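# Working through the structure, step by step
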Amino acid sequence: MKRFKAKTPLEVLTFNHRNLKNIKGVKFTPREIDVVACLLSGKGTKTVAKFLSIEDKTVETHKYNRMRKLECNSKEGIVDFLEKSDKFSLLKSHYLALLVQSVFKKYLLQIFNMKSKKALVCSLVFGEKGEDKVLGSQIIDDLELVGVQATIIRRQEHRSFKHLLHHINSKEIDCVIYFASEFFSGVKLNAI
């Protein structure tokens, strides 16, 4: 399997859907991959359905189809099959990417619900030059879908964190999203 360094949950999900199509000779659809990744993480039918925005019956159908193909009679049989495969860690990373995407959508919906007649302005603050290229443009596109004007601020363009905060406070910005890699090293977050 090729090495892949993903930067966004969408890239992880796309990569995983491609590489999890076949697990130990058994074919999986992208939605089945989503369902079994959630089952592998210990989620029940109702939780998986809510998490993936599908019906309980759809989760049960995917689970039943997997049990039939794997010739097992329980969720535990599916989990045992997946744990013994060479794709176990990929399935775990798939679940984490689904989780990150779900949380982002939740916050995006909250931002949309905050929106009044006045357009919201949001700034994305990145620490390192270049780390904003893919992720920043993807998030700006997502925010624009819900009518939020978004801009990117780069940490290195400001003398200090205090100077950055002053810059942000001097603008009419409704929302600030910080992306931390080395960004907050040496900064006490509770002081913000």
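Preceding this section is the structure that the text describes.
The sections below set out a description of the structure shown in this document.

Basis of the calculations
- Residues numbered from 1 in each chain as written.
- Predicted model: local features only at pLDDT ≥ 70, side-chain atom pairs only at ≥ 80, totals over all residues.
- Heavy atoms only, no water.
- Helix = DSSP H or I, 4+ residues; strand = E, 2+ residues; numbered from the N terminus.
- Buried < 20%, exposed > 50% of the residue type's maximum accessible area, 1.4 Å probe, protein only.
- Contact = heavy atoms within 4.5 Å.
- Areas by Shrake-Rupley, 256 points an atom, 1.4 Å probe, with all protein chains shown as cover.
- Lys, Arg positive; Asp, Glu negative; His and termini not counted.
- Salt bridge = Lys/Arg side-chain N within 4 Å of Asp/Glu carboxyl O.
- Polar contact = N/O pair within 3.5 Å; in protein donor to acceptor, adjacent residues only side chain to side chain.
- 1 Å grid on protein atoms, 1.4 Å probe; cavity = no way out; pocket = protein on both sides within 12 Å on 5 of 7 lines; lining within 4 Å.
- Points joined across faces, edges and corners; volume = space filled by probe spheres on them.
- Nonpolar A, V, L, I, M, F, W, Y, C, P; charged D, E, K, R; others polar.
- Phe/Tyr/Trp six-rings, centres within 6.5 Å; stacked < 30°, edge-to-face > 60°.

### Quick look at the overall build of the chain
Broken down by element type, the chain carries eight helices and five strands. Ordered by position from the N terminus, the helices and strands of the chain form the series α-β-β-α-α-α-α-α-β-α-β-α-β. For the chain, with 192 residues in total, the buried portion stands at 38%. Pairs at least 24 residues apart make up 67% of the contacts formed inside the chain by residues separated by at least 6 positions. Just so you have it, the chain exposes about 12100 Å², and 53% of that area is on carbon and sulfur atoms.

### Here's the deal with the side chain of lysine 87
Note that lysine 87 resides in the loop between α5 (75-83) and α6 (88-114). Salt bridges are absent for the buried lysine 87, whose nearest opposite-charge side chain, aspartate 86, sits at 5.0 Å. Polar side-chain contacts of lysine 87 include one of 3.3 Å to the backbone oxygen of asparagine 22.

### Comments concerning the pattern of salt bridges
Within the structure shown, the criterion is met by four salt bridges. A salt bridge links arginine 31 to aspartate 34; the shortest N-O distance between them is 3.2 Å. Of this pair, arginine 31 and aspartate 34 both sit in helix α2 (residues 30-40), three residues apart, which is roughly one turn of the helix. Classification of arginine 31 as partly exposed rests on a relative accessible area of 30%. Classification of aspartate 34 by relative accessible area gives buried; the value is 7%. Aspartate 56 is paired through a salt bridge with lysine 46; the nearest N and O atoms lie 3.3 Å apart. Placement of aspartate 56 in helix α4 (residues 56-70) and of lysine 46 in helix α3 (residues 45-52) is noted, with a sequence separation of ten residues between them. The exposure class assigned to aspartate 56 is partly exposed, which follows from its relative accessible area of 30%.

### Focus on the side chain of histidine 94
Structurally, the position occupied by histidine 94 is in helix α6. Judged by relative accessible area, which is 0%, histidine 94 ranks as buried. Within the structure, histidine 94 has its side chain in polar contact with the side chain of aspartate 34 (distance 2.6 Å). With residues near it in sequence (within four places) discarded, histidine 94 still touches Leu13, Asn16, His17, Leu20, Ile33, Asp34 and Ala37.

### So, the layout of surface pockets
In this structure, the largest pocket occupies an estimated 400 Å³ of space. Surrounding the largest pocket, 18 residues form its lining, Pro9, Val100, Gln101, Phe104 and Ile139 being those nearest its centre. Among the secondary structure elements, those contributing two or more residues to the lining of the largest pocket are α1 (9-19), α6, α7 (133-145) and β5 (175-179). With eight residues, the single largest contributor to the lining of the largest pocket is α6. Looking at the lining of the largest pocket residue by residue, the classes come out as 14 nonpolar, two polar and two charged. Put simply, the second largest pocket is a space of about 210 Å³. As for the second largest pocket, its lining consists of Arg31, Asp34, Phe51, Leu52, Ser53, Leu98, Gln101, Ser102 and Lys105.

### Considering the packing of aromatic side chains
Throughout the structure, instances matching the rule amount to one aromatic pair. On the basis of an interplanar angle of 35° and a centroid distance of 5.8 Å, the ring pair of phenylalanine 51 and tyrosine 95 is categorised as tilted. With phenylalanine 51 in helix α3 and tyrosine 95 in helix α6, the pair connects residues that are 44 residues apart, well separated along the chain. Summarising the burial analysis for this pair, phenylalanine 51 and tyrosine 95 share the class buried.

### As for α2
Among the eleven residues of α2, nine are classified as buried, and the element is accordingly described as predominantly covered. Within the sequence span of α2, burial applies to Glu32, Ile33, Asp34, Val35, Val36, Ala37, Cys38, Leu39 and Leu40. After α2 finishes, the residue glycine 42 shows a positive phi value of roughly 85°.

No statement about biological role is implied by the geometric values presented.
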